[in-house]
Amino acid sequence: QVQLVESGGGLVQAGGSLRLSCAASGSIFSINAMGWYRQAPGKQRELLATITKGGSTYYADSVKGRFTISRDNTKNTVCLQMNSLKPEDTAVYYCAAGNTWPPRGYWGQGTQVTVSS
């Protein structure tokens, strides 16, 4: 089993920045990919960004150029730096991990991000 704990959500004005962190613990040797998803009210969960153990990254078009995913294998953490935030970025953000791509085997509890206009 793998446990994921997110932190860093909150309220920010449009154009601002937030940094989300996700700490992994447990059977982390089984993790190859980690990533971030979000889910807005009434919408499906959306894959935003992923990073593999080797450092390969993927970004959805909706966040490309604004969000940056990074991973610290020594600390078993993954971060999502979010810049130029827009009101449409408002959602619950989830950290995910797994041994396949996209990572969906394990989930964090979610953290709310609210962007005001």
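Right above here is the structure, for reference.
What counts and how
- Residues numbered from 1 in each chain as written.
- Predicted model: local features only at pLDDT ≥ 70, side-chain atom pairs only at ≥ 80, totals over all residues.
- Heavy atoms only, no water.
- Helix = DSSP H or I, 4+ residues; strand = E, 2+ residues; numbered from the N terminus.
- Phe/Tyr/Trp six-rings, centres within 6.5 Å; stacked < 30°, edge-to-face > 60°.
- Lys NZ or Arg CZ within 6 Å of the ring centre and 35° of its normal.
- Polar contact = N/O pair within 3.5 Å; in protein donor to acceptor, adjacent residues only side chain to side chain.
- Contact = heavy atoms within 4.5 Å.

Caption draft 1: Layout of unusual backbone geometry. Look at the link from Trp 101 to Pro 102: it is a cis peptide, with omega at -5 degrees. Along the chain, Pro 102 falls in the loop between strand 9 (91–98) and strand 10 (106–107). Even without a glycine there, the phi angle at Asn 76 is positive, about 55 degrees. Inspection of the secondary structure assignment puts Asn 76 in the loop between strand 7 (67–72) and strand 8 (77–82).

Caption draft 2: Focus on the packing of aromatic side chains. Under the criterion given, the structure shown has three aromatic pairs. Centre to centre, the rings of Tyr 58 and Trp 101 are 5.3 Å apart; their planes meet at 80 degrees, and the pair counts as edge-to-face. One end of the pair, Tyr 58, is in strand 6 (residues 57–59); the other, Trp 101, is in the loop between strand 9 and strand 10, with 43 residues separating them in the sequence. Chaining the aromatic ring pairs together yields one cluster made of Tyr 37, Tyr 94 and Trp 107. Of note, Arg 45 hangs over the ring of Tyr 94, and the distance from its end group to the ring centre comes to 3.8 Å. Between the NZ or CZ atom of Arg 45 and the centre of the ring of Trp 107, over which it lies, the distance is 4.7 Å.

Caption draft 3: Quick look at the side chain of Arg 66. Topologically, Arg 66 is positioned in the loop between strand 6 and strand 7. Side-chain polar atoms of Arg 66 contact the backbone oxygen of Ser 84, separated by 3.0 Å. Here Arg 66 is in contact with Gln 81, Met 82, Asn 83, Ser 84, Leu 85, Lys 86 and Asp 89, once residues within four sequence places are set aside.

Bear in mind that shape data such as this cannot, by itself, settle questions of function.
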